[in-house]
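Report on the structure
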Amino acid sequence: MRLAYVILGAAIGAPARFVIDQYLRKFANAPWGTFAVNVAGSFVIGLTWGATQNTVALVAIGFAGAFTTWSTFMLDIYLAIELKKYRSAAVNYIGSLLVGLLAAAIAMNLVA
Amino acid sequence: MNQIVNVRSISLVSLGGVLGSLLRYTIGELFTSSRTSTLIANLLGVAIATFLLVLMQRRGSTDQRHFWLPGFCAGLTTFSAVALLTLQPSDGGTMYLSASVIASLAIIAIVMPIARKVIPARS
């Protein structure tokens, strides 16, 4: 049953990330799409703090897990460094982690 | 809807995302520590994504790229779990976050040149 929840959550999270990312790409070259989904997804996973197993499977592992991405985040930073865009890399790195952690912390406090 | 985001690409991203997430879930079932399993899923995903990024740029179709990169690899890896596991009230959160970042960038730095060498650009 948990497997079905993971599948359902991921089937919503992955395409939602893709659509948001493609939409935001129209306005800027900077990886705002990845930033937005990672921050929003961190807030969502924070809300599952202490939740039941099925909610964790659906919302945390399935939805937030597929909605957010680590591989794109890390590759964006690496490629920016390679292009000597050190400022962009630093802003993306510090901004994503700072705001992402803050979003998760706020959500965890809301449900605590 | 524009041509970039169509039903076909969204379906491929969904399919890849579900399969990647299932692999991440399976890895999670194999380890008692969520930190360990999430780190493994993320590092594995970063390695695969680095190789596939080069492969798709040089050989892949748009469909294949959508399935593998924003689909499978982004589904396999997760930012939100790293945030939660960093904040969870047990020791070593900062260390965990640092290890995730440093190991990921090291893997990209190793895999990227290899991929660029073994996958020749189309002339």
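Since we're looking at a predicted model, the values are computed, not measured.

Following the criterion strictly, the structure yields four salt bridges over all chains and no others. A salt bridge links A:Arg25 to A:Asp21; the nearest nitrogen and oxygen atoms lie 2.8 Å apart. Of this pair, A:Arg25 and A:Asp21 both sit in helix α1 (residues 2-25), four residues apart, which is roughly one turn of that helix. Given the relative accessible area of 52%, A:Arg25 is considered exposed. Here A:Glu82 and B:Arg116 are joined by a salt bridge, their closest N and O atoms 2.8 Å apart. Of this pair, A:Glu82 sits in helix α4 (residues 71-82) while B:Arg116 sits in helix α5 (residues 93-118), on two different chains. On the basis of relative accessible area, A:Glu82 is assigned to the partly exposed category, the value being 35%.

Glancing now at the UniProt feature "transmembrane region" (unreviewed entry) in chain B. All names here are of chain B. As annotated in UniProt, the feature "transmembrane region" (unreviewed entry) corresponds to residues 7-27, 39-55, 67-87 and 93-115 in the numbering used here. With 100% helix and 0% strand, residues 39-55 has end C-alpha atoms that lie 24 Å from one another. Secondary structure content for residues 67-87 is 86% helix and 0% strand, and the end C-alpha separation is 32 Å.

Here we come to the nonpolar core. In this structure, A:Trp70, A:Phe73, A:Met74, B:Leu69, B:Ile108 and B:Met112 are the most contacted members of the largest nonpolar core, which totals 40 residues. Counting residues per element, the ones that place at least two in this core are α3 (53-67), α4 and α5 (86-111) of chain A together with α2 (34-58), α3 (62-76), α4 (80-87) and α5 of chain B. A per-element tally of this core places α2(B) first, with seven residues. Residue contacts for A:Phe73: discarding those within four places in its chain leaves A:Thr34, A:Asn38, A:Asn92, A:Tyr93, A:Ser96, A:Leu97 and B:Phe79. If you look at the next biggest cluster of nonpolar residues, it comprises eleven residues, including A:Ala14, A:Phe18, A:Ile61 and B:Val18.

Secondary-structure assignment places B:Val101 in helix α5. Classification of B:Val101 as buried rests on a relative accessible area of 5%. Along the sequence, B:Val101 and B:Leu76 sit 25 residues apart, while their C-alpha atoms lie 16 Å from each other. With residues up to four places along the chain from it excluded, the contact list for B:Val101 reads A:Trp70, A:Met74, A:Tyr93 and A:Leu97.

Summed over all chains, the structure comprises eight aromatic pairs over all chains. An angle of 90 degrees between the planes, with centres 5.5 Å apart, marks the rings of A:Trp32 and A:Phe35 as edge-to-face. Of this pair, A:Trp32 and A:Phe35 both sit in helix α2 (residues 32-47), three residues apart, which is roughly one turn of the helix. Judged by relative accessible area, A:Phe35 falls into the partly exposed class, the value being 22%. Taken together, A:Trp70, A:Phe73 and B:Phe79 form an aromatic cluster joined through their ring pairs.

Reading the values: rules and limits
- Residues numbered from 1 in each chain as written.
- Chains lettered and ligands numbered in written order.
- Predicted model: local features only at pLDDT ≥ 70, side-chain atom pairs only at ≥ 80, totals over all residues.
- Heavy atoms only, no water.
- Salt bridge = Lys/Arg side-chain N within 4 Å of Asp/Glu carboxyl O.
- Helix = DSSP H or I, 4+ residues; strand = E, 2+ residues; numbered from the N terminus.
- Buried < 20%, exposed > 50% of the residue type's maximum accessible area, 1.4 Å probe, protein only.
- UniProt positions renumbered as here; feature names shortened; annotations may be inferred.
- Core = buried A, V, L, I, M, F, W, Y, C linked by side-chain atoms within 4.5 Å.
- Contact = heavy atoms within 4.5 Å.
- Phe/Tyr/Trp six-rings, centres within 6.5 Å; stacked < 30°, edge-to-face > 60°.

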